[in-house]
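# Geometric and topological summary
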Amino acid sequence: MQKQLHKAQAELQAVKHIEDSLLKKIETLKYGVIKEQLYALGMPLLKQGDEVVCHSAYCLVYEEQHEQARWVAHIILPEVEFGSEGRSNDFRPDSAVKTGSSIEQDYFVVQTIDGVKKYKGYGYDRGHLAPSADFRWSKKALSESYYYSNMSPQVGPLNRESWANLEDAMRYYVIKHKVPLYVVTGPVLRNDLKKIPEAVNKVSVPDIYYKVVLDTVNRRGIAFMMENKKNEYPLMSYAVTIDSVEKYTGIDFFPKLVDTAEARIEKNMDINKWVGEREQDDVLPVPVEELPKYTFNTVQAKIYMDKGEDVKVCGTVVSTKLSSKGNIFLNLDKKFPNQIFTVTIFKDYTSNFSYQPDKELFKKKVIVKGKISNFKGTPSMNIQNEDDIKILE
C-alpha cells in the first residue's frame, strides 16, 4: 500500500509539472497574441523616425526630448478579473530604449544612510501610463510595467485620485462586459513644457494626460483628458471623443480601423455605456459657462462649505429619499452613496412647501439657495422654504 501511495504521489507531481509547463507556454503564447493584436489594430500611426519598444504585454514610442513615452498601447484582458499579482514596485530603467530611459534619480534624490535607502522626492509621483493593475494576471507583465519608460511625472492628487479612478473604471468595464479593451495612454508633449530641474535627465512635466479606449466587440470608443492637477469633477466630466484627442495631439490612434467604423467610433461617445450601474442615472455638473449669474455648480459648492454665507447652487435632482423620521434628502447630480451635494429639508419645514419635494423635484434641474455645511466631506445645504428652491425645468 505504501508503494502505491508513493507511486500516486509521483504521478501527481508529474501531472503538476506538465501543468506548470503548459501554463508557462500559454502565457508566452498570450504575450505573442497581444503583440499581434496591438500591431494589427491597437497602435497609433507611427511618425518618421519612431522606434516601437515592445515588452511582453504593451508597446510604446519613447520621446528622448521629454524622457518619457509619447504613448503607451496595451490591452486590458478579461483575465484581469481573476488576476492575483500585486504591486511589485521594482522600478528600473528600460534597457530596450536605445537612447536610455529616465531613471530613479529623475524623480528622487536617493541617499544610503546606515545601509538604508532614503528617498526625497521632487514633488511628482512616478505615474504609470499603462497601469500595473491591468497586468495583474501575469507576474512578468506586471513587473515590466515598472520600467521608467512607462512612467511620467504626475502630481499626487491626479495619480492617486482621479487618474486612479479612471483606471479602475476601465477595468470595471472589462469585467462587466467580459471584453478586452484596446487602450492608448500618454502625456500631451510640447516643446515649451517645464522640466524637473533636479532630474538627472531633465524630465518634462506634462500639463495634460489622455487615455483613449476602444471596445471592438461592442463597436464603441471613448477618451479622457485630465490636467496634471487635482481634478475635482466626476470622472465622466473628463470624457471626450477619440476624434477630439486626435485633433488636440495630432496622433491618429487607431488608423487600421475600417474607415466607416473609425469615423463612427471616434466621432461618437455615449457616456452611459461606460459608467457603472450606480452611475447610470447621474448627470454631469452644469458647465461653468452655462451657469446663471452668481450661481455655482455642485463641484464648486465645496469651496463654500462652512463659510456662513448664502450661496446659490445649480444641479439636477438625481435621487431623493423620505426618511422614516419625515426628513427629505435630495442629491444633486450624483446619487447616494456617491453624492457630491445634498439638500436636506427637515420634517418641521416640509409644511412650508406646496408640493412633495421628494416626488416633484426628482429629475428636475434646480437652483437651491442657502448656507453650505460640511457633512462628512460632502457639501450639504438645509433649506426651510419653497422660495429656497427654483425649478429650472
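Before reading further, recall that the structure is shown in the block above.
Note that the coordinates shown come from a computational prediction; the quantities given were computed from them, not determined experimentally.

As a further point, take the overall build of the protein chain. In terms of regular secondary structure, the protein chain is built from 6 helices and 18 strands. About 20,400 Å² of surface is accessible on the protein chain, with carbon and sulfur atoms providing 51% of the total. Positive and negative side-chain charges in the protein chain, numbering 55 and 54 respectively, have mean positions lying 3 Å apart.

Next up on the list: the packing of aromatic side chains. Applying the stated rule across the entire model yields 11 aromatic pairs. Judged by centre distance (6.1 Å) and plane angle (45°), the rings of Y31 and W137 are tilted. Of this pair, Y31 sits in helix α1 (residues 2-42) while W137 sits in the loop between β6 (125-128) and α2 (139-144), and the two are 106 residues apart along the sequence. With a centroid separation of 4.2 Å and 20° between ring planes, the pair formed by Y173 and W274 is classed as stacked. Here Y173, found in helix α3 (residues 156-177), pairs with W274, found in the loop between α5 (259-267) and β12 (296-297); they are 101 residues apart in sequence, far enough to count as distant. A relative accessible area of 3% places W274 in the buried class. Put simply, the rings of F91, Y107, Y146 and Y148 touch in pairs and so form one group of aromatic residues. Its end group placed over the ring of F91, R126 keeps NZ or CZ at 3.6 Å from the ring centre.

So, about the side chain of H74. Structurally, H74 can be placed in strand β3 (residues 68-76). When residues no more than four places from it in sequence are discounted, the contact partners of H74 are L38, A57, Y58, A130, P131, D134, F135, L181, Y182 and V183.

The 7 strands lie next to each other as β1-β2-β3-β8-β9-β10-β11, forming an open sheet whose pairing is antiparallel. Both edges of this open sheet fall to β1 (52-54) and β11 (239-240), since each of them pairs with a single strand only. Where strand β10 (residues 220-227) meets β11, 2 bridges bridge the pair, whose relative direction is antiparallel. Paired with F224 across the strands is A239, a residue of β11.

Once that is clear, we can look at helix α4 (residues 242-249). Listed as buried for α4 are I242, D243, V245, E246 and T249. Taken around the axis of α4, the buried residues stretch over an arc of 160°, which confines them to a single face. Just beyond α4, the residue with positive phi is G250, at close to 80°.

M170, L181, Y210, F253 and F254 are the most contacted members of the largest nonpolar core, which totals 78 residues. Considering every element that reaches this core, the biggest residue donor is α3, with 7 residues.

Next up on the list: the pattern of salt bridges. Counted according to the given criterion, the structure contains 18 salt bridges. Taking the shortest distance from any N to any O, the salt bridge between D243 and K267 comes out at 3.6 Å. Residue D243 is located in helix α4, and its partner K267 is located in helix α5; the two are separated by 24 residues in the primary sequence. In the salt-bridge network here, residues are joined through shared partners; they are D50, E63 and R70.

One pass over the structure, following the stated rule, counts 1 disulfide. Between the sulfur atoms of C54 and its disulfide mate C59 the distance is 2.0 Å. Taking the sign of the torsion about the S-S bond as the criterion, the disulfide between C54 and C59, at about 105°, is right-handed. The exposure class of C54 is partly exposed, given its relative accessible area of 22%.

Here we come to the pairing of β10. On a regular strand, one side chain projects to one face of the sheet and the next to the other, so that they alternate. Within β10, 7 of the 8 residues are buried, which leaves the element mostly enclosed by the surrounding structure. Bridge count for strand β9 (residues 208-215) against β10 is 8 bridges, and the pairing is antiparallel. Counterpart to I208 in the pairing with β10 is E227. With antiparallel pairing between neighbouring strands as the criterion, β9 and β10 make up a hairpin whose turn holds 4 residues, including R219 at a positive phi of roughly 55°.

An α-helix turns once every 3.6 residues. As a result, residues three or four positions apart point the same way. With 41 residues, α1 extends 57 Å from end C-alpha to end C-alpha; this agrees with the ideal 60 Å at 1.5 Å per step. Taken as a whole, α1 has its buried residues at Y31, I34, L38, L41 and G42. Its buried side turned inward, α1 meets β2 (58-63), β3, α2, β8 (181-187) and β9.

As for its position among the elements, E246 is in helix α4. Looking at E246, the relative accessible area reads 12%, which means it is buried. Separated by 20 residues in the primary sequence, E246 and E266 have C-alpha atoms spaced 9.1 Å apart.

It is worth spelling out the pairing of strand β7 (residues 151-154) at this point. Every second residue of β7 is oriented toward a common face, with M151 and P153 on one face and S152 and Q154 on the other, all of them buried. Where β6 meets β7, 4 bridges bridge the pair, whose relative direction is antiparallel. Residue pairing across strands places G127 opposite S152, the latter belonging to β7.

Conventions and cut-offs
Residue positions are counted from 1 within each chain, in the order its sequence is given. Local features in this predicted model are restricted to residues of pLDDT 70 or higher, and side-chain atom pairs are both shown and tallied only at a pLDDT of 80 or more, whereas totals for entire chains, interfaces and linings draw on every residue. Side-chain descriptors were evaluated using all non-hydrogen atoms of the structure, hydrogens and water having been removed beforehand. Strands here are runs of E lasting at least two residues and helices are runs of H or I lasting at least four, both read from the DSSP assignment and numbered beginning at the N terminus. All accessible areas in this document rest on Shrake-Rupley with a 1.4 Å probe, and a residue is counted as covered only by the protein chains that are shown. For the purpose of counting charges, residues Lys and Arg are taken to be positive, whereas Asp and Glu are taken to be negative. His and the chain ends are not included. A charged residue contributes its charge at one atom only: NZ of Lys, CZ of Arg, CG of Asp or CD of Glu. Here a pair means two rings of Phe, Tyr or Trp (six-membered ring of Trp) with centres within 6.5 Å. Their orientation is stacked below 30 degrees between planes, edge-to-face above 60, and tilted elsewhere. When accessible area is computed with a 1.4 Å probe and restricted to protein chains, residues below 20% of their type maximum are described as buried, those above 50% as exposed, and intermediate ones as partly exposed. Charge over a ring is defined by NZ of Lys or CZ of Arg lying within 6 Å of the ring centre and within 35 degrees of the ring normal. Contacts are residue-level and defined by heavy atoms, with any inter-residue pair within 4.5 Å sufficient. Two strands are said to pair when DSSP picks up at least two bridges between them. An arc is given here, and it is the one of the directions from the helix axis to the C-beta atoms. Definition used in this section: a nonpolar core is a set of buried Ala, Val, Leu, Ile, Met, Phe, Trp, Tyr and Cys residues joined via side-chain atoms within 4.5 Å. One side-chain nitrogen of Lys or Arg within 4 Å of one carboxyl oxygen of Asp or Glu is enough to make a salt bridge. Pairs of cysteine sulfur atoms within 2.5 Å are identified as disulfides in what follows. For a helix, the expected span equals 1.5 Å multiplied by the residue count minus one.

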